[in-house]
Amino acid sequence: MFDDLRPHIADLRKRLTISSISIVVMFFVCFAFYQPILDWMMIPVKHALPEGTSMIAVEIQETFFTAMKVAFFAGFILSLPVIFWQLWLFLAPGLYDHEKKLVIPFVFFATLMFLMGASFAYYIVVPIGFDFLITFGSSVVNVLPSIGKYVGFFTKLMIGFGLAFELPVITFFLAKIGLVTDESLKGFFRYAVVLIFIVAAILTPPDVISQILMAVPLLILYGVSIYIAKVFNPAKKEEEEDE
């Protein structure tokens, strides 16, 4: 059995190596521009800071490691097309020839949906979530957020929402190869609701507002995924043609 898995393990190692190299290269490129990237990352939360204050660095090395986090995050985002391309190449041997031709649409829409999820987090979730967290109790204490903590929360939210928005793309792929149907997704809905709220609680800051802001779009995307499975499942199409 191990001999049968050896080629797949070698191919997986190759795909991970290429993806990692892409991220490392983009990391060094982005590290040279970490300041404007960091300024962009701080825009959604600046209005929530008390007037006349700014973020602080608690530890001496915090600014350096924050710059590394910023560069890694930006490098990861820029490497998304390469990562999704390598993912498709790893899955391609198990696909039919007509399915292998979907590589460009897959890479395009997977990247697009990730960016849409990250944009939703940037323009809606981060401003609302951090406004609540910073202003809560501000009449009692002066809130001076740590830049390292903020960047950690920010990147977690962006990546979390980006991955969450991949649900329709994953459903399309699974429906296309006949692994899911709209009926199976409908039957799993009650469990999906629970899982969605669990995922939202894990990927968002510990406040109800942020969790709801992630859970609601995920529920909508799950509904969209049901429709996608209904349209693109080949078995479903054959049944409709027979009728």
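Located above this text is the structure these notes cover.
Below is a summary of the structure that appears in this document. A quick note: this is a predicted structure, and the numbers were derived from the prediction, not measured.

### Let's talk about the overall build of the protein chain
Part 1 of the reasoning: Within the protein chain one finds 12 helices and zero strands.
Part 2 of the reasoning: Starting at the N terminus, the α and β elements of the protein chain follow one another as α-α-α-α-α-α-α-α-α-α-α-α.
Part 3 of the reasoning: Counting only contacts in the protein chain whose residues sit at least 6 apart along the sequence, the fraction spanning at least 24 positions is 82%.
Part 4 of the reasoning: Just so you have it, the protein chain exposes about 14200 Å², and 71% of that area is on carbon and sulfur atoms.

### Notes on the packing of helix H3 (residues 62-78) against helix H4 (residues 80-91)
Part 1 of the reasoning: Where H3 contacts H4, the two axes come as close as 4 Å, and the packing angle between them is 55 degrees. What the angle tells us is that H3 and H4 run oblique. Taken together, the residues of H4 that come into contact with H3 (itself represented by Phe 76, Ile 77 and Leu 78) are Leu 80, Pro 81 and Ile 83.

### Some points on the packing of helix H8 (residues 167-176) against helix H11 (residues 208-232)
Part 1 of the reasoning: At their nearest, the axes of H8 and H11 sit 9 Å apart, and the two run at 25 degrees to each other. Taken together, the axes of H8 and H11 are roughly parallel relative to one another. In this structure, the crossing between H8 and H11 has a hand that is right-handed. Two secondary-structure elements touch here, H8 through Leu 167, Pro 168, Thr 171, Phe 172, Ala 175 and Lys 176 and H11 through Leu 218, Leu 221, Tyr 222, Ser 225, Ile 228, Ala 229 and Phe 232.
Part 2 of the reasoning: Here the residues of the contact of H8 with H11 are counted per class, giving 10 nonpolar, two polar and one charged.

### Remarks on helix H7 (residues 147-164)
Part 1 of the reasoning: Given a rise of 1.5 Å per residue, 18 residues ought to cover 26 Å, and the 25 Å separating the end C-alpha atoms of H7 matches this to within 8%.
Part 2 of the reasoning: For H7, the secondary structure elements touched by its buried residues are helix H2 (34-46), H3, helix H6 (103-135), H8, helix H10 (189-203) and H11.

### Examining the pattern of salt bridges
Part 1 of the reasoning: Considering all chains together, one arrives at two salt bridges under this definition.
Part 2 of the reasoning: In this structure, Arg 15 engages Asp 11 in a salt bridge whose closest nitrogen and oxygen atoms are separated by 3.2 Å. In this pair, Arg 15 and Asp 11 are both assigned in helix H1 (residues 2-31), four residues apart and thus about one turn of the helix distant. Here the two residues Arg 15 and Asp 11 agree in accessibility, since each one is buried.
Part 3 of the reasoning: With a closest N to O distance of 4.0 Å, Asp 182 and Lys 186 form a salt bridge. Of this pair, Asp 182 and Lys 186 both sit in helix H9 (residues 182-187), four residues apart, which is roughly one turn of the helix.

### Here's the deal with the environment of Pro 105
Part 1 of the reasoning: Relative to the helices and strands, Pro 105 resides in helix H6.
Part 2 of the reasoning: Distance in space between the C-alpha atoms of Pro 105 and Val 169 is 9.9 Å, their sequence separation being 64 residues.

### Brief notes about the layout of surface pockets
Part 1 of the reasoning: The space that makes up the largest pocket amounts to roughly 250 Å³.
Part 2 of the reasoning: In terms of lining, the largest pocket is formed by 14 residues, of which the most central are Ala 164, Leu 167, Ile 196, Val 199 and Leu 218.
Part 3 of the reasoning: Of the residues forming the lining of the largest pocket, the biggest block, five residues, is contributed by H10.
Part 4 of the reasoning: Of the residues in the lining of the largest pocket, the class split is 12 nonpolar, one polar and one charged.
Part 5 of the reasoning: The calculated volume of the second largest pocket comes to roughly 210 Å³.
Part 6 of the reasoning: The wall of the second largest pocket is formed by 13 residues, among which Pro 105, Phe 109, Pro 168, Val 169 and Phe 172 lie closest to the centre.
Part 7 of the reasoning: Looking at the lining of the second largest pocket, the elements that each hand over two or more residues are H6, H8 and H11.
Part 8 of the reasoning: If you tally residues by element for the lining of the second largest pocket, the top one is H8, at five residues.
Part 9 of the reasoning: Among the residues making up the lining of the second largest pocket, the classes are represented as 12 nonpolar, no polar and one charged.

Calculation rules
Residues numbered from 1 in each chain as written. Predicted model: local features only at pLDDT ≥ 70, side-chain atom pairs only at ≥ 80, totals over all residues. Heavy atoms only, no water. Helix = DSSP H or I, 4+ residues; strand = E, 2+ residues; numbered from the N terminus. Contact = heavy atoms within 4.5 Å. Areas by Shrake-Rupley, 256 points an atom, 1.4 Å probe, with all protein chains shown as cover. Axes fitted to C-alpha atoms, helices over the stretch in contact; angles between N-to-C directions. Parallel < 35°, antiparallel > 145°, perpendicular 65-115°, else oblique. Left-handed = near helix turned anticlockwise from the far one by under 90°. Nonpolar A, V, L, I, M, F, W, Y, C, P; charged D, E, K, R; others polar. Expected span 1.5 Å × (residues − 1). Salt bridge = Lys/Arg side-chain N within 4 Å of Asp/Glu carboxyl O. Buried < 20%, exposed > 50% of the residue type's maximum accessible area, 1.4 Å probe, protein only. 1 Å grid on protein atoms, 1.4 Å probe; cavity = no way out; pocket = protein on both sides within 12 Å on 5 of 7 lines; lining within 4 Å. Points joined across faces, edges and corners; volume = space filled by probe spheres on them.

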